[in-house]
Amino acid sequence: AQTVTQSQPEMSVQEAETVTLSCTYDTSESDYYLFWYKQPPSRQMILVIRQEAYKQQNATENRFSVNFQKAAKSFSLKISDSQLGDAAMYFCAYRSAQGAGNMLTFGGGTRLMVKP
Amino acid sequence: EPEVTQTPSHQVTQMGQEVILRCVPISNHLYFYWYRQILGQKVEFLVSFYNNEISEKSEIFDDQFSVERPDGSNFTLKIRSTKLEDSAMYFCASRVTANYGYTFGSGTRLTVV
């Protein structure tokens, strides 16, 4: 079974600065997808960014980018120019590319605080 | 932008009662899911549903749980006899195909008293 680990329960960043959230995962599969989800206080799960394992190029979405290291099974999220609205729980998630169900396996989350 | 809609947003029920949580996935999506998140804990997979049948379920999804897509638009999660430990946020999600990410609903907060 796959596992996802987020080793930072809480992180803090100054507004306009850059922060990196860590995520590692364990899998024996070669083809899979990785995601970062944001969960603000409203508790809705919002997709931030996704990465296909077969792609070497790191995904980027505006101020959000990832550092995907497949051999190290590492998938960190970098938030540039942090804004107050970025404050939330961030969850890393893994999904196999095999089978019809393809459930998401989540990490334990990192609470990001943004200081004005 | 299309949304996954969940109702109600908050439900309080007495222990032992049956509850039905409702979801309307995005209309052209083919895969449907329920997840739950106990307060302060990680999000956990419950069940996936495709082609009108369950495709995967977790150990949490025991005989007390069932899912249905009764009319081609709604996707429901039923808990037959609720327990205190069923108190959680329940998220419905859907996706188009295997290559796409999920779209989550805003969740239903279930409180069992």
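See above for the structure.
Predicted model only: the values in this text are computed from it and were never measured. (Residues numbered from 1 in each chain as written. Chains lettered and ligands numbered in written order. Predicted model: local features only at pLDDT ≥ 70, side-chain atom pairs only at ≥ 80, totals over all residues. Heavy atoms only, no water.)

Enquirer: I would appreciate a short explanation of the overall build of chain A in the present structure.
Expert: Across its full length, chain A holds zero helices and twelve strands. For chain A, the α and β elements follow one another from N to C terminus as β-β-β-β-β-β-β-β-β-β-β-β. Its C-alpha radius of gyration of 14 Å places chain A within 12% of the 13 Å reference for a compact globule of 116 residues. Seen along its three principal axes, the alpha-carbon backbone of chain A occupies a region of about 45 × 30 × 20 Å. Counting across all 116 residues of chain A, residues that qualify as buried make up 49%. In chain A, once contacts between residues fewer than 6 apart in sequence are set aside, the share between residues at least 24 apart is 55%. Accessible surface computed for chain A: about 5500 Å², of which carbon and sulfur atoms make up 46%. Distance between charge centres in chain A, computed from 11 positive and 10 negative side chains, equals 3 Å. (Helix = DSSP H or I, 4+ residues; strand = E, 2+ residues; numbered from the N terminus. Rg over C-alpha atoms; globule rule 2.2 N^0.38 Å. Buried < 20%, exposed > 50% of the residue type's maximum accessible area, 1.4 Å probe, protein only. Contact = heavy atoms within 4.5 Å. Areas by Shrake-Rupley, 256 points an atom, 1.4 Å probe, with all protein chains shown as cover. Lys, Arg positive; Asp, Glu negative; His and termini not counted. Charge placed at Lys NZ, Arg CZ, Asp CG, Glu CD.)

Enquirer: Which parts of the structure should I look at to understand the interface of chain B and chain A?
Expert: Accessible area lost upon the coming together of the parts is a frequently used measure of interface size. Listed per partner, the contact involves 24 residues of chain B and 20 residues of chain A. Our count for the chain B to chain A interface comes out at zero salt bridges. Across the chain B-chain A interface, the total number found is five residue pairs in polar contact (both at pLDDT 80 or more). Counting only elements with at least two residues in the side of chain B that touches chain A, the list comes to β4 (31-37), β5 (43-50), β6 (53-57) and β9 (88-95) of chain B. Grouping the amino acids of the side of chain B that touches chain A by side-chain chemistry returns 13 nonpolar, seven polar and four charged. (Salt bridge = Lys/Arg side-chain N within 4 Å of Asp/Glu carboxyl O. Polar contact = N/O pair within 3.5 Å; in protein donor to acceptor, adjacent residues only side chain to side chain. Nonpolar A, V, L, I, M, F, W, Y, C, P; charged D, E, K, R; others polar.)

Enquirer: Help me out: how do you make sense of the pairing of β5 of chain B in this one?
Expert: Successive residues of a regular strand alternate their side chains across the two faces of the sheet. All names here are of chain B. Burial analysis of β5 places six of its eight residues in the buried class, the great majority of the element. Examined bridge by bridge, β4 and β5 share seven bridges and lie antiparallel to one another. By the bridge assignment for β5, Y33 is matched with S48. In sequence, β4 turns back onto β5 through a hairpin of five residues, with G40 there showing a positive phi of about 85°. Turn length for the β5-β6 hairpin, with the two strands adjacent in sequence and antiparallel, is two residues, and the turn residue N51 shows positive phi of about 55°. (Pairing = 2+ DSSP bridges.)

Enquirer: Help me understand the pattern of salt bridges, please; the structure alone is not making it clear to me.
Expert: Where charged atoms of side chains with opposite charge meet at close range, the side chains can pair. Residues and elements named next belong to chain A. Considering all chains together, one arrives at five salt bridges over all chains under this definition. Of the charged contacts in the structure, one is a salt bridge between D26 and K73, with a shortest N-O distance of 3.9 Å. Linking D26 in strand β4 (residues 24-26) with K73 in the loop between β8 (64-69) and β9 (74-79), this pair joins segments that are 47 residues apart in sequence. Taking the shortest distance from any N to any O, the salt bridge between R50 and E52 comes out at 3.2 Å. The partly exposed category is assigned to R50, whose relative accessible area is 23%. The class of E52 is buried, set by a relative accessible area of 11%. A network of salt bridges, in which partner residues are shared, links R50, E52 and K55.

Enquirer: I tried to follow the state of the cysteines on my own but got confused; where do I start?
Expert: In protein structure, a disulfide is the covalent linkage between the sulfur atoms of two cysteines. Residues and elements named next belong to chain A. The final tally for this structure, using the stated rule, is two disulfides over all chains. Two residues share a disulfide in this structure: C23 and C92, whose sulfurs sit 2.0 Å from each other. Handedness here is read from the sign of the S-S torsion; for C23 and C92, about -70°, the answer is left-handed. Here C23, found in the loop between β3 (19-21) and β4, pairs with C92, found in strand β10 (residues 88-96); they are 69 residues apart in sequence, far enough to count as distant. One exposure class covers both C23 and C92, and it is buried. (Disulfide = S-S within 2.5 Å.)

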